[in-house]
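# Structural features, examined
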Amino acid sequence: MNKAPPVNVEDKELWLEINTFQCKYGRFSPEACEKLRERAEQLSSAKKIDDKTYLTKPICCKKCKEWEKLSEEVYEKRRKYLEQLKAQKEKEVKGEKKKKKRSIKIIVCPLCKKEKRLYARGLCAACYDKVYRKDRKKKKKKK
């Protein structure tokens, strides 16, 4: 049996649906069921809480044979929920990456008079290189 840890969910009803199963004794998580089954069957060896209360194994837990199947169903629900969360996060990350990309602005370049993508300073890439490379060369010569 592949155990999956309990899933933290804000919605209580969803948490119960994912992390617990219904048996004859009540609604339990696999971990709580395991603790109940580990209790002593006899009063003499049972853990004593106070003068009148002993922690013994419930009668229905003594006869229960479905606990493995029920626990495995809960572990499977947990795995599916975690996979859904992972897929949802991946979609969000992809969406964020798309949002981070700068929006491409199309302009009519004032120098070449063509409709092109804005590069910098209101020019397309080709015109920007032509204009500002000359400026850089002039600045280098002056130094």
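As shown above, the structure is provided for reference.
Anyway, here's the lowdown on the structure attached to this text. The structure presented is a predicted model; accordingly, all values stated were derived computationally and were not measured.

## Quick look at the packing of aromatic side chains
For any pair of aromatic rings, the description consists of the separation of the ring centres together with the inter-plane angle of the planes. Taken as a whole and assessed by the stated rule, the structure comprises 3 aromatic pairs. On the numbers, 4.7 Å between centres and 40° between planes, the contact of Y128 with Y132 is tilted. Linking Y128 with Y132, this pair stays in helix 5 (residues 125-142), spanning 4 residues, or about one helical turn. In this structure, Y128 and Y132 share a single accessibility class: buried. Here the aromatic residues Y119, Y128 and Y132 are joined through ring pairs into a cluster of three or more.

## Some words on helix 2 (residues 30-38)
Listing the buried residues of helix 2 in full gives P30, C33, L36 and R37. Along helix 2, the residues classed as buried sweep out an arc of 120° about the axis, all on the same side. Those residues of helix 2 that are exposed and angled more than 90 degrees off the buried face are K35 and E38.

## Observations concerning the nonpolar core
Grouped together as the largest cluster of nonpolar side chains are 7 residues: F21, F28, C33, L36, C61, L70 and V74. Among the elements of the structure, helix 2 and helix 4 (67-100) are those that each provide at least two residues to this core. Excluding its chain neighbours within four sequence positions, the residues that come into contact with F28 are N19, T20, F21, C23, C33 and L36. The next biggest cluster of nonpolar side chains, apart from the first, holds 6 residues, and it includes C109, L123, C127 and Y132.

Basis of the calculations
Residue positions within a chain follow its written sequence, with the count starting from 1. In view of the model being predicted, local features appear only for residues whose pLDDT reaches at least 70, and side-chain atom pairs are presented and counted only at 80 or more, with totals across whole chains, interfaces and linings using the full set of residues. The side-chain quantities take in all heavy atoms of the structure and omit both hydrogens and water. Only rings of Phe, Tyr and Trp enter the pairing, Trp through its six-membered ring, and a pair is recorded when the two centres are within 6.5 Å. The plane angle decides the type: under 30 degrees is stacked, over 60 is edge-to-face, the rest tilted. Runs of E in the DSSP output that reach at least two residues are strands. Runs of H or I that reach at least four are helices, and both are numbered from the N terminus. Here the term buried applies to any residue with accessible area under 20% of the maximum for its type, exposed to any over 50%, and partly exposed to those in between, with areas from a 1.4 Å probe on protein chains only. In this description, one arc is meant: the one made by directions from the helix axis to the C-beta atoms. For the purposes of this section, nonpolar cores are sets of buried Ala, Val, Leu, Ile, Met, Phe, Trp, Tyr and Cys residues that join through side-chain atoms within 4.5 Å. Throughout, a residue-residue contact means that at least one pair of heavy atoms, one from each residue, lies within 4.5 Å.

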